[in-house]
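Close look at the chain arrangement
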Amino acid sequence: MAQHSPHPGGASRVRRRALLGTAVLVVLVSLAGLAAYLTRDSRGPAEIPASPPSSPSGSASPPSASGSSTPHTRPRALPVPPKTHDPIAFGKAAAAALWSYDTRAYSQPELRKALRGWLTTEAKYADPASVDKGVPSAVLWKEMAANGQFATAKVYEGHFPNAFTRALQEDPGAITQAYVYAVTVSGKQSIAWKGSPAGGAESRATTLAVQCRPDRPCALVGVMPSVAP
């Protein structure tokens, strides 16, 4: 079981998570109670399952009847962020990247570095810890790689959460300080491994903080610990 670190790094992670919450709260200032789920450090649906299944009845759910949930069998490249100014389009792409991995094609550090490349370069807003949390640990990755485990994602829908939309309607100018948008994405993650190319699939949902300044493409701020409807 994970233990809380007494070292300064722990305090730094807490501070970054608080800053992530603050960035979104610039827009959501009128929403009482929302800060709690934006800043609390809890495991949420946004994380990638890291347990390698030992059989088709393992960590993944049984595959659906539709063939669309079957993952590709060829190794997949590391995720590259799209150049878009649309926060929903970027959020959907980021969710797909966070729900996908391929132990056959690259190492755990390489995936972690690639996902960090999606983050905003504005350090006061970026929350790399929330992204790292979705990457399987080095130990688990080694076990998964031995099984040739990989996952692909299918995104169904992305939208601004209801509370975020209401806040924008009440104060449209509030977003112009950080240009951070909340985006909720839903979809399906398909997992497969050596000897079981059909794998299994499960529904996924996550809320992301996405920064889209007018003068540059969108970038990821972080992954929220809870899903906002």
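Reference entry: report on the structure contained in this document.

The rules behind these values
Residues numbered from 1 in each chain as written. Predicted model: local features only at pLDDT ≥ 70, side-chain atom pairs only at ≥ 80, totals over all residues. Heavy atoms only, no water. Core = buried A, V, L, I, M, F, W, Y, C linked by side-chain atoms within 4.5 Å. Buried < 20%, exposed > 50% of the residue type's maximum accessible area, 1.4 Å probe, protein only. Helix = DSSP H or I, 4+ residues; strand = E, 2+ residues; numbered from the N terminus. Expected span 1.5 Å × (residues − 1). Arc of directions from axis to C-beta. Polar contact = N/O pair within 3.5 Å; in protein donor to acceptor, adjacent residues only side chain to side chain. Salt bridge = Lys/Arg side-chain N within 4 Å of Asp/Glu carboxyl O.

**Regarding the nonpolar core**
One finds Y101, L208 and L220 to be the most contacted residues of the largest nonpolar core, which totals 34 residues. At the level of elements, helix 3 (87–98), helix 4 (108–116), helix 6 (138–146), helix 7 (162–170), strand 3 (180–193), strand 4 (196–211) and strand 5 (219–223) are the ones that each hand at least two residues to this core. Of all the elements, strand 3 adds the most residues to this core, at 6 residues. Y125, V180, A209 and V221 belong to the second largest nonpolar core, which has 6 residues in total.

**Some remarks on helix 3**
Spanning 12 residues, helix 3 covers 16 Å between terminal C-alpha atoms, matching the ideal 16 Å at 1.5 Å per step. Among the residues of helix 3, P87, F90, G91, A94, A95, A97 and L98 are the ones counted as buried. For helix 3, the angular spread of buried residues about the axis comes to 160 degrees, placing them on one side. Taking the backbone nitrogen of I88 as reference, a side-chain oxygen 2.9 Å away marks D86 as the first, capping residue of helix 3.

**Some thoughts on the environment of W193**
Relative to the helices and strands, W193 is located in strand 3. Sequence separation of W193 and R104 is 89 residues, and the distance between their C-alpha atoms is 9.8 Å.

**Some details on the side chain of S100**
Looking at the secondary structure, you find S100 in the loop between helix 3 and strand 1 (101–102). In terms of polar contacts, S100 uses its side chain to reach the backbone carbonyl oxygen of A96, at 2.6 Å.

**Comments concerning the pattern of salt bridges**
Summed over the entire model, instances satisfying the criterion amount to 7 salt bridges. D132 is the partner of R116 in a salt bridge, and the nearest nitrogen-oxygen pair spans 2.4 Å. Highlighted residues: R116 in helix 4 and D132 in helix 5 (residues 128–132), separated in sequence by 16 residues. Using a relative accessible area of 15% as the deciding quantity, one classes D132 as buried. For the salt bridge of E202 with R204, the shortest nitrogen-to-oxygen distance reads 3.5 Å. The buried category is assigned to R204, whose relative accessible area is 10%. Through salt bridges with shared partners, a single network forms among E122, R213, D215 and R216.

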